[in-house]
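Spelled out from the first residue to the last, the chains are:
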4 protein chains.
Amino acid sequence: MRKLDPIKHEGKRQEIIAAAMRCFIRDGFRGASTSDICAESRISPGNLYHYFESKEAILKTAGEVALAAAAFRFRRILEGPDVISALISEIEQAKSRIERGGRLLLLDIFAESGRNPAIAQILHEASRTIIGLIAEFVRRGQAQGKVNKDLDPDVTASVLLGIADGARLMSMREPKLDTAKSLEYLKLVVIRFLTP
Amino acid sequence: MRKLDPIKHEGKRQEIIAAAMRCFIRDGFRGASTSDICAESRISPGNLYHYFESKEAILKTAGEVALAAAAFRFRRILEGPDVISALISEIEQAKSRIERGGRLLLLDIFAESGRNPAIAQILHEASRTIIGLIAEFVRRGQAQGKVNKDLDPDVTASVLLGIADGARLMSMREPKLDTAKSLEYLKLVVIRFLTP
Amino acid sequence: MRKLDPIKHEGKRQEIIAAAMRCFIRDGFRGASTSDICAESRISPGNLYHYFESKEAILKTAGEVALAAAAFRFRRILEGPDVISALISEIEQAKSRIERGGRLLLLDIFAESGRNPAIAQILHEASRTIIGLIAEFVRRGQAQGKVNKDLDPDVTASVLLGIADGARLMSMREPKLDTAKSLEYLKLVVIRFLTP
Amino acid sequence: MRKLDPIKHEGKRQEIIAAAMRCFIRDGFRGASTSDICAESRISPGNLYHYFESKEAILKTAGEVALAAAAFRFRRILEGPDVISALISEIEQAKSRIERGGRLLLLDIFAESGRNPAIAQILHEASRTIIGLIAEFVRRGQAQGKVNKDLDPDVTASVLLGIADGARLMSMREPKLDTAKSLEYLKLVVIRFLTP
DNA sequence: CATGAATGAGCTTTCATTCAT
DNA sequence: CATGAATGAAAGCTCATTCAT
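The model shown is predicted, which means the values in this text are computed figures rather than measured ones.

Draft legend 1. The overall build of chain A, seen in detail. When helices and strands are counted, chain A shows 9 helices and 0 strands. Counting from the amino terminus, chain A carries its helices and strands in the arrangement α-α-α-α-α-α-α-α-α. Projected onto the principal axes, the alpha-carbon positions of chain A cover approximately 60 × 40 × 30 Å. Per-residue burial over chain A gives 53% buried out of 196 residues. Expressed as a percentage of contacts within chain A between residues at least 6 apart in sequence, the contacts between residues at least 24 apart total 68%. Accessible area for chain A stands at about 9,200 Å²; split by element, carbon and sulfur atoms hold 53% of it.

Have a look at this one:
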């Protein structure tokens, strides 16, 4: 597993992970087979193991990438000046067509983390990062006087993330849901929760 | 699949489903094998197929049962006089130790429903039932003047269910979360959302 | 792995072991594959695992059977009245055409036992049995005055078994060896060792 | 397989063989993989094939080296003045801790030679060499009047080598064997066999 | 010479399912 | 109804070997 050209090696690893994520979205963490991943990334079964030492390792890495992507999205969104509309826009994006794959992957991560400690740990770490970002945001809002100063930033962040996660599930429960209206209500929920 | 004694037959079916659910909780929808289910319900593999025509059928039935149980729980909870504290108590229970299995199963159902239309349909139907119950509750609250009359009961119910689902995920993201405090905040979220 | 008809089940197990031993003789313990064994015993790969829980288990059982057969042969041979010629006839048989398979298997057992503790233990137990038989024989010879009474029966038995094992290797080292003459010499070795 | 610097090339070949022998002792002829050998000799898989054209060739060469080492040991031992004690000391060494690896390798060679003609031939040639050495020794003993002149030196040598091989197997059959006593008995066997 | 990437057949084992009794 | 035998495809993974650089 040493590499002559580490950059090329890392590039191929990422290609494989991208292919694997497509497979996982299509068939699930457990439903996708290593040979599916090989076919999707056009490599031989033997070669896969030059890049990952087991399917488990692929799964872990894919989980990390998916969660890192989520954190990255949060970071960008929370850069905006206005707390609440930033949060809402995250929920909004979660409903977009493109995000469907990410949502499925996230669900697999949740389901897997209930039985697979390695995945659970990855989820915990990513969650702590994201909650940290949101908490920071809440603090900023409090400083600006836009957020109720009685709220503990960390717990508030957890609850807000929970609301965002729950919103993601809404469209799985009800595909015909009136998205605009439910978004409006979610906005209301968040605003009423946070405003002083 | 002919049944000599329909009652006995149905009893055995339920025993098998109960065993299957234990397996699914332990190992996941995809991770549990038919022979696990056979071992857990102490029947032979041949006999399993006298009661269910495929693993898929077991999965569907188990999904239905799990969702029916959730709906039943909601029904009981919503029987109480006070809207908000009823909802909160549901969320509270969701955090209890006993509910861990149910939560894992629900996650599997969500993940599975993204790829399996049969499971998706079961989830939709169950969700509609539950949302109907909550909507009815919201309406009652509005009649009592305890709930903001501007809120559409159905959308409100969807959002409340989303919040409850999201709350369930919170403890998977952060096992060390301060449960009491986050519950208190969730109560706040719901109260501020609903009160006129 | 429970059985409806334990006798039939055991019968099939023995058929499989017989087939496996043919494979092991042909290709070695490590060189024979489970699918070779399936082909030789005309069963499907899945079915093999109704009878043995792993290839390792097949290997162990085959080792036990081969060593039990050796012990059985010793027992029969040592039933004769004359100690020394009985021992020699065992060595004689070891050179026969038929015994070639058994010798190869025994070599595999020896080689395997150097790395596989389970096989090592089987070898030790079988050896203790055989040495016990030979020791008993030596004692009888001592009682008859035909064997030197100064010899410790157990150590003597070990050494005699070693000589028999070594004789088996002779024809592997030198396939063109003058069998008759070398047997005569071996007889001489044993006689001179044992006679008072 | 062209060699730029034949001396360096040969040196590397020997390094690889030494590494391969460590692997073979550890895991057996069939159990050791080419990548084990690469790891042990710290070269790349591609490079391995610059020095040996196949695993089979490595196996053959390792077999030759192991047998040459055995012959060398015999040569040194048989240089001593006294026939019998020389032979005994060879058996003695065979029991020593250090020789365990060599014994395992020899067993693998025996087992392999039953199925692999190339290895069989190497074994035959090495055996002929060793037997020649011993036969020469026997002749010397006969000239000295210390060995029975009726014995055919070649057959005697074969039998003596067989006894030495058998002695090596004794400690595999019975790891708890009283080594000192069994050695004493082996000495007795050889002395009584050879003395006029 | 040397590297590590790449191959594809093959390994042991498990799976959902069907069959004979 | 119930059993356990039987199936054969597919799983994850390793192997000896070859290729491109």
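Next comes the rest of the write-up.
Draft legend 2. Up close: unusual backbone geometry. The phi dihedral of Arg42 of chain B is positive, around 55°, even though this residue is not glycine. Along the chain, the position of Arg42 of chain B falls in the loop between helix H2 (34-41) and helix H3 (45-51).

Draft legend 3. Quick look at the interface of chain D and chain C. Taken residue by residue, the interface counts 49 residues in chain D and 50 residues in chain C. Taking both partners together, chain D and chain C bury about 4,300 Å²; carbon and sulfur atoms supply 64% of that area. Our enumeration of links across chain D and chain C arrives at 6 salt bridges. Among the ionic pairs, Arg173 of chain C bridges to Asp165 of chain D, the shortest N-O distance being 2.6 Å. At the junction of chain D and chain C, the tally comes to 22 residue pairs in polar contact (both at pLDDT 80 or more). Split by residue class, the side of chain D that touches chain C holds 24 nonpolar, 12 polar and 13 charged.

Draft legend 4. Spatial organisation of the relation of the copies chain D and chain C. Screw-axis analysis of chain D against chain C gives a translation of 0.0 Å along the axis, an RMSD of 0.2 Å, and a rotation angle of 179°. In symmetry terms, the pair is related by a two-fold rotation axis. Residues of chain D ranked by C-alpha distance from the rotation axis are headed by Gly166 of chain D, positioned 1.8 Å from it. With an isologous cut-off of 70% or more, the 100% of interface residues of chain D that recur at the interface of chain C puts this contact in the isologous class.

Draft legend 5. Main features of the packing of aromatic side chains. All names here are of chain B. Throughout the structure, instances matching the rule amount to 8 aromatic pairs over all chains. When the ring of Phe24 is compared with that of Phe29, the centres are 4.9 Å apart and the planes differ by 70°; the resulting orientation is edge-to-face. Each of the two residues, Phe24 as well as Phe29, counts as buried.

Draft legend 6. How the structure looks around the protein's contact with DNA strand F. For DNA strand F, the set of nearby residues contains 38 residues, the closest of which are Thr34 and Tyr49 of chain A, Tyr51 of chain B, Tyr51 of chain C together with Thr34 of chain D. In DNA strand F, atoms within 4 Å of the protein come 64% from sugar and phosphate. Contact between DNA strand F and Gly46 of chain B: a base oxygen at 3.4 Å from a main-chain N or O atom of the residue. Contact distances for DNA strand F include 2.7 Å between a phosphate oxygen and a backbone N or O atom of Thr34 of chain D. Every element with two or more residues in the surface near DNA strand F is listed here: helix H2 (34-41) and helix H3 (45-51) of chain A, H3 of chain B, helix H1 (6-27) and helix H3 (45-51) of chain C together with helix H3 (45-51) of chain D. Its residues assigned to classes, the surface near DNA strand F comprises 13 nonpolar, 19 polar and 6 charged.

Draft legend 7. Representation of the interface of chain A and chain B. If you look at the interface, chain A gives 50 residues, while chain B gives 50 residues. For the pair chain A and chain B, the two sides together bury roughly 4,200 Å², of which 64% comes from carbon and sulfur. Ranking the residues of chain A by area buried against chain B places Arg115, Arg173 and Tyr185 of chain A at the top, with a combined share of 21%. The tally of links from chain A across to chain B stands at 6 salt bridges. Note that Arg115 of chain B is salt-bridged to Asp108 of chain A, the shortest N-O span being 3.1 Å. At the boundary of chain A with chain B, the tally comes to 21 residue pairs in polar contact (both at pLDDT 80 or more). Residue assignment for the side of chain A that touches chain B shows that the elements contributing at least two residues are helix H1 (6-27), helix H6 (100-113), helix H7 (117-143), helix H8 (153-173) and helix H9 (179-194) of chain A. A total of 13 residues in the side of chain A that touches chain B trace back to one element, the largest contributor, which is H8 of chain A.

Draft legend 8. A look at the relation of the copies chain A and chain B. You can overlay chain A on chain B at an RMSD of 0.2 Å; the transform is a turn of 179° with a shift of 0.0 Å along its axis. Both copies share a contact surface, since 100% of the interface residues of chain A are interface residues in chain B too.

Draft legend 9. Up close: H6 of chain A. Residue and element names in this part refer to chain A. Spanning 14 residues, H6 covers 20 Å between terminal C-alpha atoms, matching the ideal 20 Å at 1.5 Å per step. In terms of burial, H6 is largely enclosed, as 12 of its 14 residues are buried. Among all positions of H6, only Gly101, Arg103, Leu104, Leu105, Leu106, Leu107, Asp108, Ile109, Phe110, Ala111, Glu112 and Ser113 are buried.

Draft legend 10. How the structure looks around the arrangement of the chains. For the non-touching pair chain A and chain D, the nearest C-alpha separation works out to 10 Å. At no point do chain B and chain D touch; the closest pair of C-alpha atoms across them sits 32 Å apart.

Draft legend 11. The arrangement of the pattern of salt bridges in detail. Residues and elements named next belong to chain D. For the coordinates displayed, the defined rule picks out 44 salt bridges over all chains. For Glu40, the salt bridge goes to Arg26, with nearest N and O atoms at 2.7 Å. With a gap of 14 residues between them, Glu40 in helix H2 (residues 34-41) and Arg26 in helix H1 (residues 6-27) connect regions that are remote in the sequence.

Draft legend 12. Just the packing of H1 of chain A against H6 of chain A, in detail. Residues and elements named next belong to chain A. It is the contact of H1 with H6, at a shortest axis distance of 9 Å, that shows an interaxial angle of 80°. Taken as axis vectors, H1 and H6 run roughly perpendicular relative to one another. Contacts between H1 and H6 involve Met21, Phe24 and Ile25 from the first element and Gly101, Leu104, Leu105 and Asp108 from the second. For the contact of H1 with H6, a count of residues per class yields 5 nonpolar, 1 polar and 1 charged.

Draft legend 13. A look at the packing of H8 of chain A against helix H6 (residues 100-113) of chain B. Where H8 of chain A meets H6 of chain B, the closest approach of the two axes is 10 Å, and the angle between their N-to-C directions is 60°. One element, H8 of chain A, and the other, H6 of chain B, form an angle in the oblique class. Considering the relative orientation of H8 of chain A and H6 of chain B, their crossing is left-handed. Facing H8 of chain A, whose interface residues are Leu169, Met172 and Arg173 of chain A, H6 of chain B presents Leu106, Phe110 and Ser113 of chain B. For the contact of H8 of chain A with H6 of chain B, the class distribution of residues is 4 nonpolar, 1 polar and 1 charged.

Draft legend 14. Main features of the side chain of Ser127 of chain C. In this structure, Ser127 of chain C sits in helix H7 (residues 117-143). By relative accessible area, Ser127 of chain C is classed as buried at 0%.

Draft legend 15. Layout of the environment of Ile130 of chain A. Residue and element names in this part refer to chain A. Tracing the backbone through its elements, the reader meets Ile130 in helix H7. With relative accessibility at 1%, the residue Ile130 sits in the buried group. A sequence separation of 63 residues divides Ile130 from Leu67, and the C-alpha atoms of the two residues are 9.3 Å apart.

Draft legend 16. The arrangement of the state of the cysteines in detail. Residue and element names in this part refer to chain A. Tallied over the full model, the rule gives 0 disulfides over all chains. Cys23 supplies the cysteine sulfur nearest to Cys38, a cysteine that is in no disulfide, at a spacing of 9.2 Å. The class for Cys38 is buried, based on a relative accessible area of 5%.

Conventions adopted
- Residues numbered from 1 in each chain as written.
- Chains lettered and ligands numbered in written order.
- Predicted model: local features only at pLDDT ≥ 70, side-chain atom pairs only at ≥ 80, totals over all residues.
- Heavy atoms only, no water.
- Helix = DSSP H or I, 4+ residues; strand = E, 2+ residues; numbered from the N terminus.
- Buried < 20%, exposed > 50% of the residue type's maximum accessible area, 1.4 Å probe, protein only.
- Contact = heavy atoms within 4.5 Å.
- Areas by Shrake-Rupley, 256 points an atom, 1.4 Å probe, with all protein chains shown as cover.
- Buried area = accessible area lost by both parts, 1.4 Å probe.
- Salt bridge = Lys/Arg side-chain N within 4 Å of Asp/Glu carboxyl O.
- Polar contact = N/O pair within 3.5 Å; in protein donor to acceptor, adjacent residues only side chain to side chain.
- Nonpolar A, V, L, I, M, F, W, Y, C, P; charged D, E, K, R; others polar.
- Least-squares fit on C-alpha atoms with pLDDT ≥ 70 in both.
- Phe/Tyr/Trp six-rings, centres within 6.5 Å; stacked < 30°, edge-to-face > 60°.
- Near = heavy atom within 4 Å.
- Expected span 1.5 Å × (residues − 1).
- Axes fitted to C-alpha atoms, helices over the stretch in contact; angles between N-to-C directions.
- Parallel < 35°, antiparallel > 145°, perpendicular 65-115°, else oblique.
- Left-handed = near helix turned anticlockwise from the far one by under 90°.
- Disulfide = S-S within 2.5 Å.

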